[in-house]
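Listed below are the residues making up each chain.
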Amino acid sequence: MKSYAVAVVGATGAVGNEMIKILEERQFPIMKLTLLASERSIGKEIAFCGKNLPVEILTENSFNGIDIGLFSAGGSISEKYAPIAAAAGCVVVDNTSAFRMDPEVPLVVPEVNPEAIALYKKRGIIANPNCSTIQMVVALKPIHDAVRIKRVVVSTYQAVSGTGKKAIEELSLQTKALMNCREPEVKVYPHRIAFNCLPHIDVFLENGYTKEEMKMINETKKIMNDPSIAVTATTVRVPVFYAHSESINIETEKKITADEVRKLLSMAPGIRVVDNPREKQYPLAIDAAGRDETLVGRIREDESIPNGINMWVVSDNIRKGAALNAVQIAEILIRKYL
């Protein structure tokens, strides 16, 4: 089997760490792995396949001889370095929002629109969608193919790991402080996150939605290749470390029953149906954490409209919502295009 030179940009971050783990777990054919980060990471090493690899400083010359670059170091870094990497012949899989809505850059979830990967040749860049979008469209795609979805109403319950390592630490420290009758420090979020819910992810826009909510709306239409789908979203940060949960209500063009949805989803790639309320079995964040599958349950018909379905969808936002999705894209790249 041919092997490839791979670079992970943002290697010391939560998603970068997970990308490295998944590359090893899935035995991606790597000839050489280059770990890239900022000057703050000088001297750090990360374990990979029994060896400790040094973290190198990201520069404009980092991509000479690199076949695939997995980027997760922030939008401004991607905006600068992804085109440089592409110009050097490296195919970039970018986990930031920098290129998601660029009409010349494919936005890909392998279980939903793998054929879009072929469009990478225009810019040399493939965009990884937002974590909350990924798990939603994985669940929506089989239903849309069967009966066409007209409208989606989604409310998210998003883990702090979506913000990064500092947010994980803040939730932990705030919880400890409150349990010991101390005043918690608030640094990462505008309000305390421990024992609280914040209906505020990313910045507020003029239309009253947050940037995170508009990402879900716009990305869903692009990935599903159907701008006519009406989507509205409310995104909420909750005091959970890993795995996002979503309450999804859909209206379909044709009638579909809850049992039919369960059968469809049980056969769909990347999904595990967990739906037995009588036995108190339904998707939980603590069960989704560390798993590759998107868990779907609480499937029931919306009795307020003729053709409606409600679902509860849970997925590990660091794995399927970011690192795993990027590696899956890279696997298709080497299998079909490189």
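Quick look at the structure, then. This one's a predicted model, so the numbers in the text were calculated from it and none came from an experiment. Within every chain, residues take consecutive numbers counted from 1 along the sequence as written. Per-residue local features of the predicted model are confined to residues with pLDDT of at least 70, and side-chain atom pairs are confined, for both listing and counting, to 80 or more; whole-chain, interface and lining totals are unaffected and use all residues. Just so you know, side-chain values use all the structure's heavy atoms and leave hydrogens and water out.

Digging into the sheet that holds strand 11 (residues 271–273)
Right, so step 1: Read from one edge to the other, the open sheet built from six strands follows the order 9-8-10-13-12-11, with strand pairing classed as mixed. The sheet is open, and its two borders are formed by strand 9 (230–237) and strand 11, each paired with just one other strand. Strand after strand, the sheet turns through a mean of 20 degrees between neighbouring axes, direction not considered.
Right, so step 2: Of the pairings in the sheet, the one linking strand 10 (residues 244–252) to strand 13 (residues 308–315) comprises eight bridges and is antiparallel in character. Bridging from a neighbouring strand, I250 pairs with I309 of strand 13. Strands are treated as partners if at least two bridges between them are detected by DSSP. By definition, any uninterrupted DSSP run of H or I lasting at least four residues is a helix, any uninterrupted run of E lasting at least two residues is a strand, and each is numbered from the N terminus. Interaxial angles span 0 to 180 degrees and are taken between N-to-C directions of axes, which are lines fitted to C-alpha atoms, for helices over the stretch in contact.

Side note on the side chain of N113
Right, so step 1: Here N113 is to be found in the loop between strand 6 (91–94) and strand 7 (125–127).
Right, so step 2: Pairs of N or O atoms are called polar contacts if they sit within 3.5 Å, as long as, within protein, a hydrogen donor faces a hydrogen acceptor (for residues adjacent in sequence, only side-chain-to-side-chain pairs). Separated by 2.8 Å, the side chain of N113 and the backbone oxygen of L107 make a polar contact.
Right, so step 3: Here V109 takes part through its backbone nitrogen, which lies 2.9 Å from a polar atom of the side chain of N113.
Right, so step 4: Apart from the residues within four sequence positions on either side, N113 is in contact with L107, V108 and I223. Contacts between residues were defined by any pair of non-hydrogen atoms, one from each residue, lying within 4.5 Å.

Topic: the nonpolar core
Right, so step 1: Take the buried residues of types Ala, Val, Leu, Ile, Met, Phe, Trp, Tyr and Cys, join any two whose side-chain atoms come within 4.5 Å, and each joined set is a nonpolar core. For each residue, the accessible area found with a 1.4 Å probe, counting protein chains only, is set against the maximum for its type, and the residue is called buried under 20%, exposed over 50%, and partly exposed in between. Core analysis: the biggest nonpolar cluster contains 53 residues, and F63, L140, V152, I248 and M311 have the highest contact counts within it.
Right, so step 2: No other element matches the eight residues that helix 3 (residues 131–147) contributes to this core.
Right, so step 3: Beyond its immediate chain neighbours, meaning those up to four positions away, V152 contacts M136, L140, I229, A230, V231, T232, I248, N249 and I250.
Right, so step 4: Formed by 38 residues, the second largest nonpolar core is a distinct cluster that contains V6, V55, L324 and A330.

Quick look at unusual backbone geometry
Right, so step 1: One non-glycine residue, Q27, lies in positive phi territory at about 55 degrees.
Right, so step 2: Tracing the chain through its elements places Q27 in the loop between helix 1 (14–25) and strand 2 (30–37).
Right, so step 3: Notably, R148 is not glycine yet its phi reads approximately 55 degrees, a positive angle.
Right, so step 4: The topology assignment puts R148 in the loop between helix 3 and strand 8 (149–158).

Brief notes about the packing of helix 3 against helix 8 (residues 319–337)
Right, so step 1: Between helix 3 and helix 8, the least distance of the axes is 8 Å, while the angle of their chain directions is 85 degrees. Our classification of the angle between helix 3 and helix 8 gives roughly perpendicular. Seen from helix 3, the contacting residues are C131, I134 and V138; seen from helix 8, they are K320, G321 and N325.
Right, so step 2: Classifying every residue of the contact of helix 3 with helix 8 by side-chain character gives three nonpolar, two polar and one charged. Roughly parallel covers angles under 35 degrees, roughly antiparallel covers those over 145, roughly perpendicular covers 65 to 115, and oblique covers all other angles. Residue polarity follows a fixed list, in which Ala, Val, Leu, Ile, Met, Phe, Trp, Tyr, Cys and Pro are nonpolar, Asp, Glu, Lys and Arg are charged, and the others, Gly among them, are polar.

Re a nonpolar patch on the surface
Right, so step 1: The grouping of Y282, L284 and I286 at the surface amounts to a nonpolar patch, some 300 Å² of accessible area in total.
Right, so step 2: Note that L284 resides in the loop between strand 11 and helix 7 (285–288). A patch is a set of surface residues, each over 30% in relative accessible area and not in a salt bridge, joined within 9 Å for like charges and within 5 Å for the nonpolar side chains Val, Leu, Ile, Met, Phe, Trp and Tyr. Surface accessibility follows the Shrake-Rupley procedure with a 1.4 Å probe radius. Residue values consider only the protein chains on display as shielding. We define a salt bridge as a side-chain nitrogen of Lys or Arg found within 4 Å of a carboxyl oxygen belonging to Asp or Glu.

Some words on a positive patch on the surface
Right, so step 1: Positive residues here are Lys and Arg, negative ones are Asp and Glu, while His and the chain termini are left out of the count. Every charge is mapped onto a representative atom, which is NZ of Lys, CZ of Arg, CG of Asp or CD of Glu. On the surface, a cluster of positive charge is contributed by R40, K44, K165 and K166.
Right, so step 2: Inspection of the secondary structure puts K166 in helix 4 (residues 165–179).

With respect to the packing of helix 3 against helix 5 (residues 211–223)
Right, so step 1: With their axes 9 Å apart at the nearest point, helix 3 and helix 5 run at an angle of 40 degrees to one another. By the angle class used here, helix 3 and helix 5 are oblique. Considering the relative orientation of helix 3 and helix 5, their crossing is right-handed. Note on element contacts: helix 5 touches helix 3 through E212, K215, M216, E219, T220 and I223, opposite S132, T133, M136, V137 and L140.
Right, so step 2: The residue makeup of the contact of helix 3 with helix 5, split by class, is five nonpolar, three polar and three charged. Crossings are sorted by hand: turned counterclockwise from the far helix by less than a right angle, the near helix makes the crossing left-handed, and turned clockwise it makes it right-handed.

Considerations on the packing of aromatic side chains
Right, so step 1: In this analysis, rings of Phe, Tyr and Trp, with Trp reduced to its six-membered ring, are considered paired at centre separations within 6.5 Å, and the interplanar angle assigns stacked below 30 degrees, edge-to-face beyond 60, and tilted for intermediate values. One pass over the structure, following the stated rule, counts three aromatic pairs.
Right, so step 2: Ring geometry for F63 and F71: centres 5.5 Å apart, planes at 15 degrees, overall stacked. The pair formed by F63 and F71 is uniform in burial state, with each residue classed as buried.
Right, so step 3: Consider the rings of Y157 and W312, whose centres lie 5.3 Å apart with planes at 55 degrees: the pair is tilted.

Any functional reading would require information beyond the geometric quantities listed.
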